[in-house]
Amino acid sequence: FSSDTLQPYKNGDDDDDDDEGTHQSSSIYSTENSTSLFDSSHRTTSERGRASSGQGISADLRKAAALKLSRPTDIYVWGNFRGEDDGENMNLLPSMYKGFEHVDLFKVSAGRAHFIGISKDGVLYFWGNKQRFQCGNAVTTGFHDKPNVSHPIKLSFPTDDIHGTEFSKFVDCACGDDYSLALTRDGEIKAWGTTGWVEKGSVGRGGSFGERISGVLVSLECRGARKVCKISCGPVHCAAICDYGESVYTWGEGAFYALGHGNDSRTLAKPKRVEALVGKTVTTISCGAWHTVACVAKSAGFKSRNGATADAFDGDVYVWGDGTEGQLGCSVEEAIKVPTKIHINDSASPTFKNTSNADENVVAQKFLVPVSTSIKEVACGSSYTILLSINGDVFMSGKLGRYSSKTFEIIPELARAAIGKNLVVTRIAAGPDHCLFAASSTSSKVNVEIHAKRNGKLFAIGGNKFGKIGDGTLREASVPIEIEKLRGMSIKSLACGVGVTAAIVAESARNKI
């Protein structure tokens with residue numbers, strides 16, 4: 001487990017230019033990411049080789065060309081990612097994070113006060129607080145005696161192959177409070193950090209509340225699965241989708257039956273298959289504090305050229321774990337022990353009571369198209385769950401801001417009639433007590449995946465400690481508010497942590513979402 005530090009830069013904001021990037025699908029079934037990820041790495045190597053020959057090209061031109069080709073995205077961060085509760089290390093507004101000038105990120109994840117990012121060529125990066133082994137045993141040159149890594153470090157993991165010289169390429173990552181997971185292109189899960197569970201044989205020590213510290217890298221095996229396709233982290237438990245949705249594995253702390261293994265609520269150090277989901281096709285999954293939510297395809301997706309499933313929308317929602325705050329979308333007195341299908345309210349009128357000062361006439365407008373309850377994305381916080389439908393409808397159940405419901409109901413302020421002409425929500429992300437919604441304009445009111453256009457907006461709801469909402473204040477956002485600093489930008493990836501937030505945007509800030 002080694003690291004290479006990038007050249008440090010002072011954080012600040014740069015002007016946007018007019019370059020456009022390419023859309024990266026978040027679907028576990030898409031092979032576009034893995035193909036472009038590794039093909040582009042080979043092309044980049046070849047291009048570097050040709051450029052280094054210097055045949056009639058000046059050093060300045062080569063440098064400019066490399067920058068142009070390698071970084072069609074930027075990353076903005078806000079909140080407190082230094083882990084110090086002194087009020088002096090907060091970014092109240094999104095600020096472009098320096099150090100990624102030659103890196104093209106496509107995925108970011110956030111923990112309590114640290115970040116993990118993956119570039120399109122499969123390289124893993126870390127920055128933020130490291131006091132609780134959030135970067136494992138990586139060599140943090142220049143930061144050995146400091147609690148924080150102020151600029152990105154590149155993490156690498158030697159593979160176990162016979163040569164011993166190759167390094168893993170990554171396709172997915174996820175963060176718990178103080179630990180991280182990373183998924184290699186070969187389907188291997190790597191884990192490190194401070195957590196309530198630790199794999200047998202790893203180097204660790206006990207801590208308060210049963211915490212264990214795994215300073216060294218741990219490899220996790222989903223026994224019986226052919227390949228892991230997608231990973232998710234809650235504060236203290238994890239989930240993995242395997243074999244293109246054919247199976248789901250969970251592990252970590254099992255209180256409130258958050259792992260979905262029936263009467264077994266033990267803490268598990270190793271992934272265990274969720275038997276109740278065998279025979280179903282799981283498209284996406286999210287872990288909350290003590291609950292888990294998965295989207296299950298109603299019909300199989302089409303096949304790509306290599307035989308893998310390429311897409312699968314039109315999903316049902318299955319929930320399990322603690323539901324006392326309504327986060328499971330139903331009224332329950334006890335935790336749900338196994339994945340259970342839940343009903344979604346498909347009423348064409350908002351059912352949340354509007355307790356804000358928002359214009360009631362705007363909230364009460366009719367939807368432009370019928371509400372869809374076919375879910376394509378889920379995101380769990382501590383005591384709430386957010387769902388995103390294929391039409392861009394946003395549902396919430398549980399407690400968040402001024403919303404409180406024990407059934408999944410539409411957030412009225414995020415309805416298409418309320419957020420702007422032809423705008424629909426296309427991405428969601430959830431932290432323990434705040435969440436983000438990225439919206440883009442579309443020429444089609446139904447298929448937001450195909451006809452997404454420019455003029456993006458980013459909205460936030462929830463707690464605002466450390467300024468993690470990004471509106472320049474410390475006031476709670478009780479209803480969705482727009483993050484004006486990122487207006488017009490094209491959101492590629494979102495991450496909400498305990499006290500931090502991040503967004504990857506197209507460098508031009510004008511490309512399709």
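Going along each chain's sequence as written, the residues are numbered from 1 onward. Restriction of local features to residues with pLDDT of at least 70 applies here, the model being predicted, together with a cutoff of 80 or more for giving and counting side-chain atom pairs; totals for whole chains, interfaces and linings are based on all residues. To obtain the side-chain values, all non-hydrogen atoms of the structure were used and water was disregarded.

Some words on the nonpolar core
- Only buried residues count toward a nonpolar core. Its members are Ala, Val, Leu, Ile, Met, Phe, Trp, Tyr and Cys residues joined through side-chain atoms within 4.5 Å. Burial here depends on accessible area, computed with a 1.4 Å probe over protein chains only, as a share of the maximum for the residue type. Under 20% is buried, over 50% is exposed, and the range in between is partly exposed. Formed by 30 residues in total, the largest nonpolar core has its most connected members in L277, V317, I375, L387 and F395.
- Counting only elements with at least two residues in this core, the list comes to strand 13 (237-242), strand 16 (282-287), strand 17 (291-297), strand 18 (315-321), strand 20 (375-380) and strand 23 (403-410).
- The contact definition used throughout considers only heavy atoms, calling two residues in contact when any of these lie within 4.5 Å. With near-sequence residues (within four places) excluded, L277 lies in contact with E246, V248, V282, V296, Y318, W320 and P339. Think of it this way: any DSSP run of H or I at least four residues long counts as a helix, any run of E at least two long counts as a strand, and we number them from the N terminus.

Topic: the packing of aromatic side chains
- Working definition: a ring pair exists when centres of Phe, Tyr or Trp rings (six-membered ring for Trp) sit within 6.5 Å. Plane angles under 30 degrees give stacked, over 60 give edge-to-face, the rest tilted. Summed over all chains, the structure comprises six aromatic pairs.
- Ring plane angle 15° and centroid distance 5.1 Å describe the contact between F115 and W127, whose orientation is recorded as stacked. Within this pair, whereas F115 is found in strand 5 (residues 114-119), its partner W127 is found in strand 6 (residues 124-129), the two being separated by twelve residues in sequence.
- Considering the side-chain rings of F256 and W290, the 5.8 Å spacing of their centres and the 50° angle between planes classify their relative orientation as tilted. Of this pair, F256 sits in the loop between strand 14 (247-252) and strand 15 (268-273) while W290 sits in the loop between strand 16 and strand 17, and the two are 34 residues apart along the sequence.
- F256 sits in the partly exposed class, given a relative accessible area of 41%.

Here we look at the pattern of salt bridges
- Criterion for a salt bridge: a side-chain nitrogen of Lys or Arg within 4 Å of a carboxyl oxygen of Asp or Glu. Throughout the structure, instances matching the rule amount to 19 salt bridges.
- Measuring nitrogen to oxygen at the nearest pair gives 4.0 Å for the salt bridge that ties K98 to E101. Taken individually, K98 and E101 each receive the classification buried, so the pair is uniform in this respect.
- For D243, the salt bridge is made with R226, and the minimal N-O distance between the two is 4.0 Å. Pair noted here: D243 is in the loop between strand 13 and strand 14 and R226 is in the loop between strand 11 (212-220) and strand 12 (228-233), with a separation of 17 residues, a long-range link.
- Given a relative accessible area of 6%, D243 falls into the buried group.
- In this structure, a network of salt bridges that share partners links the residues K107, D172 and K230.

Structural notes on the environment of C330
- The residue C330 is located in the loop between strand 18 and strand 19 (336-341) in this model.
- Between the C-alpha atoms of C330 and F408, which are 78 residues apart in sequence, the distance is 8.0 Å.
- With residues up to four places along the chain from it excluded, the contact list for C330 reads G323, I336, I342 and K406.

Points about the side chain of D322
- Mapped onto the fold, D322 is located in the loop between strand 18 and strand 19.
- This count recognises Lys and Arg as positive and Asp and Glu as negative, with His and chain-terminal groups excluded. For the buried residue D322, which engages in no salt bridge, the nearest side chain bearing the opposite charge is K406, 9.4 Å off.
- A distance of 3.2 Å separates a polar atom in the side chain of D322 from a polar atom in the side chain of T324.
- Once residues lying within four places of it in the same chain are set aside, the contact partners of D322 are F256, W290, H291, Q327, L328 and A335. Between N or O atoms, a polar contact is any pair within 3.5 Å; within protein, one atom must be a potential hydrogen donor and the other a potential acceptor, and residues adjacent in sequence are included only when both atoms are from side chains.

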